[in-house]
Amino acid sequence: MILRALLLALSTRPRIGEWMNRLPVTRGFVRRFVAGTAADDALAVIADLNARGLQGAVTYLGENVRTPAEAEHATEVYVQLLDEIKRRNLLALPSLKLTHLGLDLGEPVGRANLTRVLERGRATGTRVWIDMESSAYTERTLALYARLRPTYANCACVVQAYLRRTPADVERLVELGATVRLCKGAYREPREIAYPDKRDVDQAYARLIDRLLAPDALGRGVYPGFATHDERLIARVRDRAAERRIAADRFEIQMLYGIRPDLGAALRAQGLAVRVLVPFGEDWYGYFMRRLAERPANLLFLLRNLGRG
Ligand SMILES: Cc1cc2nc3c(=O)[nH]c(=O)nc-3n(C[C@H](O)[C@H](O)[C@H](O)COP(=O)(O)OP(=O)(O)OC[C@H]3O[C@@H](n4cnc5c(N)ncnc54)[C@H](O)[C@@H]3O)c2cc1C
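So, a few notes on the structure that sits alongside this text. (Residues numbered from 1 in each chain as written. Predicted model: local features only at pLDDT ≥ 70, side-chain atom pairs only at ≥ 80, totals over all residues. Heavy atoms only, no water.)

## A look at the overall build of the protein chain
Reasoning step 1: On a plain count of helices and strands, the protein chain comes out with 14 helices and 8 strands.
Reasoning step 2: Its C-alpha radius of gyration of 18 Å places the protein chain within 12% of the 19 Å reference for a compact globule of 309 residues.
Reasoning step 3: Considered along the principal axes of its C-alpha atoms, the protein chain spans approximately 55 × 45 × 40 Å.
Reasoning step 4: Here the protein chain, with 309 residues, has 52% of them falling under the buried criterion.
Reasoning step 5: Sequence separation of 24 or more characterises 75% of the internal contacts of the protein chain that already satisfy a separation of 6 or more.
Reasoning step 6: Of the roughly 14300 Å² of accessible surface on the protein chain, 54% is carried by carbon and sulfur atoms.
Reasoning step 7: Counting 48 positive and 36 negative side-chain charges, the protein chain places the centres of these two groups 3 Å from one another. (Helix = DSSP H or I, 4+ residues; strand = E, 2+ residues; numbered from the N terminus. Rg over C-alpha atoms; globule rule 2.2 N^0.38 Å. Buried < 20%, exposed > 50% of the residue type's maximum accessible area, 1.4 Å probe, protein only. Contact = heavy atoms within 4.5 Å. Areas by Shrake-Rupley, 256 points an atom, 1.4 Å probe, with all protein chains shown as cover. Lys, Arg positive; Asp, Glu negative; His and termini not counted. Charge placed at Lys NZ, Arg CZ, Asp CG, Glu CD.)

## A word on the packing of aromatic side chains
Reasoning step 1: For the structure shown, the criterion picks out 6 aromatic pairs.
Reasoning step 2: Here the aromatic cluster, defined as three or more aromatic residues joined through ring pairs, consists of Phe 33, Trp 284, Tyr 285 and Phe 288.
Reasoning step 3: Arg 127 extends its terminal NZ or CZ atom over the ring of Tyr 223, reaching a point 4.6 Å from the ring centre.
Reasoning step 4: The ring of Tyr 287 is capped by Arg 291, whose NZ or CZ atom sits 4.5 Å from the centre of that ring. (Phe/Tyr/Trp six-rings, centres within 6.5 Å; stacked < 30°, edge-to-face > 60°. Lys NZ or Arg CZ within 6 Å of the ring centre and 35° of its normal.)

## A look at the environment of Gly 36
Reasoning step 1: Note that Gly 36 resides in the loop between α3 (24-30) and α4 (39-51).
Reasoning step 2: Residues Gly 36 and Val 109, 73 residues apart in the sequence, show an inter-C-alpha distance of 28 Å.
Reasoning step 3: Sequence-distant contacts of Gly 36, defined by excluding residues within four places in its chain, comprise Arg 31, Asp 41, Pro 279, Phe 280 and Gly 281.

## Here we look at the pattern of salt bridges
Reasoning step 1: A full pass over the atoms with the stated rule returns 29 salt bridges.
Reasoning step 2: As a salt-bridge pair, Asp 131 and Lys 97 come within 2.9 Å of each other at their nearest N and O atoms. Taken together, the residues Asp 131 in the loop between β3 (128-130) and α7 (138-148) and Lys 97 in the loop between β2 (92-96) and α6 (107-124) connect sequence positions 34 residues apart. In this pair, the class of Asp 131 matches that of Lys 97, namely buried.
Reasoning step 3: Among the ionic contacts, a cluster of salt bridges with common partners joins Asp 40, Glu 84, Arg 87 and Arg 88. (Salt bridge = Lys/Arg side-chain N within 4 Å of Asp/Glu carboxyl O.)

## Thoughts on the packing of helix α9 (residues 198-212) against helix α11 (residues 231-243)
Reasoning step 1: Running from N to C, α9 and α11 point in directions that differ by 20°, and their axes come no closer than 10 Å. Taken together, the axis directions place α9 and α11 in an arrangement best described as roughly parallel. The element α9 and its partner α11 pack so that their crossing is right-handed. Across from Asp 202, Tyr 205, Ala 206, Ile 209 and Asp 210 in α9, the residues of α11 making contact are Leu 233, Arg 236, Val 237 and Arg 240. (Axes fitted to C-alpha atoms, helices over the stretch in contact; angles between N-to-C directions. Parallel < 35°, antiparallel > 145°, perpendicular 65-115°, else oblique. Left-handed = near helix turned anticlockwise from the far one by under 90°.)

## Topic: the nonpolar core
Reasoning step 1: Core analysis: the largest hydrophobic core is formed by 102 residues, its most contacted members being Leu 114, Leu 182, Phe 226, Ile 253 and Phe 288.
Reasoning step 2: For this core, the element with the most residues is helix α5 (residues 68-87), which contributes 7 residues.
Reasoning step 3: For Leu 182, the contacting residues outside a window of four places in its chain are Val 159, Ala 161, Tyr 205, Leu 208, Ile 209, Leu 212, Gly 225, Phe 226 and Ala 227. (Core = buried A, V, L, I, M, F, W, Y, C linked by side-chain atoms within 4.5 Å.)

As structure tokens, then:
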């Protein structure tokens, strides 16, 4: 727990990333979770996933941009990614962060840039998934989603099981017939806002699986993406779907590139729809540190190799 908190605290200090980037061993290790620096790197990985029956999601790494030019650049990259997905006939969609599109510069900036991406997504017949960031952004992100979803049916959002508010948010999303990813949550949050104990998070996740697969939710058009590598929770999704005779195309399992590819392949072989999120870009530090925080063994591996390097 302490290590997780420390790593998440460090994840917001990009200077450390600049230092780490100079060490070849870190660069090599980052490659386990990040496809490369160019869009082509991620799209090539996704083409390979598609060939094995898995769908893709592509993330251009970056968050909390400080200037309109940076936000504009990220937006343009996502628009081009949508064109490339169509051109290459890939089963893939973009998964983006609103603070990468300029939410910190004001809601109108974030909304205008997101709308541009959604427009292109609609034109190319592609869904656009809005990631969820720290709790400072939950309300604004969900409010923007509720505002845009009636116009853009291709718009999808995320909720985090660790947040105490999430069951209430899910009820609102059920009303909207939302396309929604359920994840555990990857940020450092105060205990008043988020469950500090992993067991509570896992139990909350299990209850939310049941809710999102309830007949009334599916009847309203809810399409859930269960983003987890937790085999017990994935088994629960599978069991609920079997009990309720839910067709395999009414939900999906989502995983991160570099984490449990064996499990992704096995789930696909069982007939489940599986999507793998593949990130690329230079700005890997925050993403990478959150992956370290999720699994201390990753840190030990890195430190052992640092010792050798
Ligand atoms: C597709 C996808 C999208 C996501 N989007 C968001 C988002 O928008 N907002 C957000 O806050 N979070 C997001 N997350 C991250 C999520 O909140 C969790 O932090 C992350 O998925 C780890 O939790 P877990 O559900 O895999 O369960 P855990 O209980 O953490 O892990 C279960 C098992 O998975 C494996 N595992 C998990 N993490 C790692 C790792 N880093 N390295 C190696 N093995 C690992 C281990 O075998 C572990 O025992 C996303 C996750 C996925 C899969």
